[in-house]
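The primary structure of each chain is shown beneath.
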Amino acid sequence: MTDTSDLAPQPGQLRVLHVEDNELDAELVAQALRRGGFSTAVVVVQAEAEFERELRSHPPNLVLADYNLPQWTGMGALDVLRREGLDIPLILVSGTLGDVKAVECIKRGATDYVLKDGLARLPETIRRALQEKGLRERQERSDAALRESQAQLAALIHSALDAILTMDEKQSIVMFNGAAEKMFGCSEAEALGQPIERFIPQRFRAAHSAHVRRFGETGITNRAINKLGTLRALRADGQEFPMEASISRTQVGGRTLFTVILRDITERELAEKTLAAKMDQLARSNADLEQFAYVASHDLQEPLRMVAAYTQLLAERYRGKLDENADKYIGYACEGALRMQTLVQDLLAFSRVGRNGAACRGVDCEAALKEVLLHLGPAIHESGAVVTHSTLPTVWANPSHMTQVFQNLIGNAIKFRGKEPPAISVQAENAGEHWLFSVSDNGIGIAPEHVGNIFVVFQRLHTRTEYPGNGIGLAICKKIIEHRSGRIWVESQPGHGSIFKFTLPCEAPAEKEVSAEPMSMAATASNPGR
Ligand code: ADP
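Note that this is a predicted model, so its numbers are computed, not measured.

## Structural notes on the side chain of Lys-116
By the secondary structure assignment, Lys-116 is in the loop between strand 6 (112-115) and helix 5 (122-159). Looking at Lys-116, its side chain comes within polar contact range of the side chain of Glu-20, at 3.0 Å. Polar side-chain contacts of Lys-116 include one of 2.6 Å to the side chain of Asp-25. Those residues within four positions of Lys-116 in sequence are excluded, and the remaining contacts are Glu-20, Asp-25, Asp-66, Val-93, Ser-94 and Gly-95.

This is the structure we're talking about:
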């Protein structure tokens, strides 16, 4: 074995395994390669065993082989390459090869041949051989990538949870995945070649055919058919079910194919129906409850007025005329009747929110605030409160509701003040789709565990002797704000004041409320702090 290269193979060098017994010929070939501009590492071998060893230890890019050797032949080298499964170009370099033999060798798999007295042709022949090999390799790589992506696509389609089926221009099924088999209760083998109508209930078939005919005549564009729709489909056992379908049209190899992706929405429809029924039930029971609260609080007022008036009369007429206990008991009865009256009035005010409110209109919040500050004038004066505000927007609301919200929040900020005179700030900022309002104070604050409770009807954190009130104001605020699709909450720490925040949509509501019985601010007059 002779290595005719000066150096060991370098990256980018052409590795050549040359089967040749004649050293001079080998040198001439090496020269021809150098002259042809190749940087080569050539290893010369003479026998099969050597060839095999070299092939395995240093796989070459190219084999050059003399046709006739004392103990072997160039075509023997080709057999070894075949046996080893190697796609390496083999060029015969021979002094004696006639045209007939040369053609035969190429037929058997040799890449080309060059005669020893025409070695000037060798570089060009090698370049062509390497180029062809490069092309072959690229083709193989792209074939393999195509096969892999086809296999992945097939696996994806067949394992998809949605049913996927493809049909041709004649509406015959040409692909039917596993989910489609389950959905329609029909195997792929049974479905292939069948018209799609087989899976459409009888009564929709005529419309479907008309659609297909129109489609055939007018050629609907992809955009028109790439849409989701809810349809009814037919299982193989004759059972109908609702489904959602999207259809797309593709051109494949000159054929128009339609791929339909289907989803059985039986359970979703059922869930939607159940939900709608529950919502309906809930709405009705809410309306019943509101009606009950309204009627009860409204109708209780009259007998309560009687009780309050007559206990008051008893107190005035008989004070000091009966014994001491009688005076005390009559006093309790008067207090109880008055308290019950305020509770019932508050409950009525609460149940009226959203019931008979004036129609929504643009409410200038600055004007509403001004009205509230006027109304709260005595409490502001007495407490030394300072109320500041930013520019306030116009919002879509029931006007008396807006004044009520400001009055309840500012009234509370004054009532639940700390040692310092109340410093109250009303702010509003545009937060995209809604306005974010805040009413902050420097009052006593609220413990974190109570921040959720205080919006519940009649929930209070103090006795009435500590702070007057019934615990209805914030519940009313919540009902008003939520009625306008807003949200209300408080951020607070005991001793560090509170910030009540609420949102209201910037957009005018779609529906119109009917005004029948505008709610007056006096409805919350039971709270003396307001
Ligand atoms: P009321 O003022 O009649 O008690 P509300 O519903 O307006 O009823 O308030 C419920 C409770 O929330 C109050 O009793 C009070 O404990 C607490 N609260 C409301 N506003 C404030 C505030 N600005 N600072 C501290 N506590 C407050």
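More follows now that the structure is in view.
## With respect to the pattern of salt bridges
Going through the model one piece at a time under the given rule, you end up with 23 salt bridges. In this structure, Arg-268 and Glu-272 form a salt bridge, with 3.5 Å as the shortest nitrogen-oxygen distance. In this pair, Arg-268 and Glu-272 are both assigned in helix 10 (residues 266-318), four residues apart and thus about one turn of the helix distant. The exposure class of Arg-268 is partly exposed, given its relative accessible area of 38%. Through salt bridges that share partners, Glu-20, Asp-25, Asp-66 and Lys-116 make up one connected network.

## Focus: the packing of helix 11 (residues 324-352) against helix 15 (residues 473-483)
Where helix 11 meets helix 15, the closest approach of the two axes is 9 Å, and the angle between their N-to-C directions is 10°. Considered as vectors, helix 11 and helix 15 are oriented roughly parallel to each other. Counting all contacts with helix 11, which are made through Ala-349, Phe-350 and Ser-351, the residues of helix 15 involved are Ala-475, Ile-476 and Lys-479. Of the residues in the contact of helix 11 with helix 15, the class split is four nonpolar, one polar and one charged.

## Side note on the environment of Gly-445
When you line up the elements, Gly-445 lands in the loop between strand 16 (434-440) and helix 15. Residue classification places Gly-445 among the buried positions, given a relative accessible area of 15%. Distance in space between the C-alpha atoms of Gly-445 and Gly-418 is 8.6 Å, their sequence separation being 27 residues.

## Some points on the sheet that holds strand 18 (residues 498-505)
Backbone hydrogen bonds hold the strands of a sheet together, and the pairing may be parallel or antiparallel. An order of 13-15-16-18-17 is seen for the five strands of this open sheet, with the pairing classed as mixed. At either margin of the open sheet sits one strand with a lone partner, and together these are strand 13 (386-389) and strand 17 (488-492). Geometrically, the sheet is characterised by an average inter-axis angle of 15° between neighbouring strands, direction not taken into account. The pairing of strand 17 with strand 18 spans five bridges and is classified as antiparallel. Of the residues in strand 18, the one forming a bridge with Trp-489 is Lys-501. Packing against the sheet, helix 14 (residues 399-415) makes contact with strand 15 (423-430), strand 16 and strand 18, and its axis sits at approximately 170° to strand 18.

## So, the packing of aromatic side chains
All told, the structure shown has 10 aromatic pairs when counted by the stated rule. Plain terms: the ring middles of Phe-176 and Phe-184 are 6.1 Å apart, the flat faces sit at 35° to each other, and that makes the pair tilted. With a centroid separation of 6.2 Å and an interplanar angle of 70°, the aromatic rings of Phe-455 and Phe-500 are classed as edge-to-face. Of this pair, Phe-455 sits in the loop between strand 16 and helix 15 while Phe-500 sits in strand 18, placing them 45 residues apart in sequence. You'll find Phe-455 and Phe-500 in the same group, each marked buried. What links up through ring pairs into an aromatic cluster is the set Phe-176, Phe-184, Phe-199 and Phe-241. When the ring centre of Phe-350 is taken as reference, the NZ or CZ atom of Lys-479 above it lies at 4.6 Å. A cation over an aromatic ring shows up here: Arg-487 above the ring of Trp-489, its NZ or CZ 4.2 Å from the ring centre.

## Structural notes on unusual backbone geometry
Although it is not a glycine, Gln-171 sits at a positive phi angle of roughly 65°. Of the residues examined, Gln-171 reaches a relative accessible area of 11% and is grouped as buried. Even without a glycine there, the phi angle at Phe-458 is positive, about 65°. With respect to the secondary-structure elements, Phe-458 resides in the loop between strand 16 and helix 15. On the basis of relative accessibility, which here comes to 33%, the residue Phe-458 falls in the partly exposed class.

## Quick word on the confidence of the model for the protein chain
A low pLDDT means the predicted coordinates there should not be read in detail. Per-residue confidence for the protein chain gives a mean pLDDT of 87, with 89% of residues at or over 70. In the predicted structure, residues 512-530 sits below a pLDDT of 50 and forms 57 contacts with residues beyond four places in sequence or in another chain.

Conventions adopted
Residues numbered from 1 in each chain as written. Predicted model: local features only at pLDDT ≥ 70, side-chain atom pairs only at ≥ 80, totals over all residues. Heavy atoms only, no water. Helix = DSSP H or I, 4+ residues; strand = E, 2+ residues; numbered from the N terminus. Polar contact = N/O pair within 3.5 Å; in protein donor to acceptor, adjacent residues only side chain to side chain. Contact = heavy atoms within 4.5 Å. Salt bridge = Lys/Arg side-chain N within 4 Å of Asp/Glu carboxyl O. Buried < 20%, exposed > 50% of the residue type's maximum accessible area, 1.4 Å probe, protein only. Axes fitted to C-alpha atoms, helices over the stretch in contact; angles between N-to-C directions. Parallel < 35°, antiparallel > 145°, perpendicular 65-115°, else oblique. Nonpolar A, V, L, I, M, F, W, Y, C, P; charged D, E, K, R; others polar. Pairing = 2+ DSSP bridges. Phe/Tyr/Trp six-rings, centres within 6.5 Å; stacked < 30°, edge-to-face > 60°. Lys NZ or Arg CZ within 6 Å of the ring centre and 35° of its normal. pLDDT = per-residue confidence, 0-100.

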